[in-house]
Amino acid sequence: MIESDISNLSYLQCTVKESMRLHPPTTLMLPQRANSHIKIGGYDIPEGTIFHVNVWATVLHPSIWDDPLEFKPERLVHNNVDIKGHDFRMLPYGAGRRLCPAV
Ligand code: HEM
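Since we're looking at a predicted model, the values are computed, not measured.

**Thoughts on the environment of I50**
With respect to the secondary-structure elements, I50 resides in strand β4 (residues 50-51). Overall, I50 belongs to the exposed group, its relative accessible area being 54%. Through-space distance from the C-alpha of I50 to that of S36 is 12 Å; in sequence the pair is 14 residues apart.

**Considering the site of the ligand**
Q32, P92, R98, C100 and A102 are the nearest of the 14 residues found near the ligand. Within the side chain of Q32, an N or O atom sits 2.6 Å from an oxygen atom of the ligand. Residue R98 places a side-chain N or O atom 2.7 Å away from an oxygen atom belonging to the ligand.

**Focus on helix α1 (residues 10-22)**
Over its 13 residues, α1 extends 18 Å from the first C-alpha to the last, a length consistent with the 18 Å expected when each residue adds 1.5 Å. Restricting attention to buried positions, one finds in α1 the residues C14, K17, E18, M20, R21 and L22. Looking at the buried residues of α1, the elements they touch are α2 (55-59).

**Side note on the pattern of salt bridges**
In the structure shown here, the tally under the stated rule is five salt bridges. One salt bridge connects R21 with E18, and the closest N-O pair in it is separated by 2.8 Å. Pair noted here: R21 and E18 are both in helix α1, with a separation of three residues, about one helical turn. Judged by its relative accessible area of 0%, R21 falls in the buried class.

**Examining the UniProt feature "binding site: heme" (unreviewed entry) in the chain**
Here, UniProt's "binding site: heme" (unreviewed entry) annotation points to C100. Here C100 shows up in the segment after α2. The exposure class assigned to C100 is partly exposed, which follows from its relative accessible area of 27%.

**Some thoughts on the packing of aromatic side chains**
Given two aromatic rings, one states the distance between the centres and the angle between the planes to describe the pair. Counted by the stated rule, this structure contains zero aromatic pairs. Across the ring face of W65, the terminal group of R21 is positioned such that the distance to the ring centre comes to 5.6 Å.

**Describing the environment of P46**
Along the chain, P46 falls in the loop between β3 (43-45) and β4. Sequence-wise, P46 and P73 are 27 residues apart; in three dimensions their C-alpha atoms are separated by 40 Å. Look past the residues within four positions of P46 in its chain and what remains in contact with it is A34 and H37.

What counts and how
Residues numbered from 1 in each chain as written. Predicted model: local features only at pLDDT ≥ 70, side-chain atom pairs only at ≥ 80, totals over all residues. Heavy atoms only, no water. Helix = DSSP H or I, 4+ residues; strand = E, 2+ residues; numbered from the N terminus. Buried < 20%, exposed > 50% of the residue type's maximum accessible area, 1.4 Å probe, protein only. Near = heavy atom within 4 Å. Polar contact = N/O pair within 3.5 Å; in protein donor to acceptor, adjacent residues only side chain to side chain. Expected span 1.5 Å × (residues − 1). Contact = heavy atoms within 4.5 Å. Salt bridge = Lys/Arg side-chain N within 4 Å of Asp/Glu carboxyl O. UniProt positions renumbered as here; feature names shortened; annotations may be inferred. Phe/Tyr/Trp six-rings, centres within 6.5 Å; stacked < 30°, edge-to-face > 60°. Lys NZ or Arg CZ within 6 Å of the ring centre and 35° of its normal.

Below is the structure:
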């Protein structure tokens, strides 16, 4: 195998993604600060609030993933989940303007 083969190794990519789903390195992301008053899920978040996004709760939630505690790369074979901050089911690198620049 050479490095240029990696983009063709789809099951390897699913395995890496599934590792990141089950064990997100940054479980609570970095602290974020609300620049203005916002409302999320019915909750008021006043301007200036420092908050965390609980990524681990999302990736282990049974309404989002079947058997969330099981390591199953095959769940991603026909489920093209973006890990670059566009799919909130899996956010190992964060999202938005604070997205990890290494992604
Ligand atoms: C598996 C590897 C990595 C993971 C899972 C990861 C994950 C993250 C996450 C979750 C954030 C916070 C994003 C947010 O708050 O929305 C972040 C921020 C950041 N990461 Fe990474 N990271 C990884 C590797 C790296 C590497 C290799 C570098 C640099 C060489 C790097 C540099 C940074 C920097 C500078 C930020 C702060 C960005 C900002 O606050 O504007 N990361 N990373």
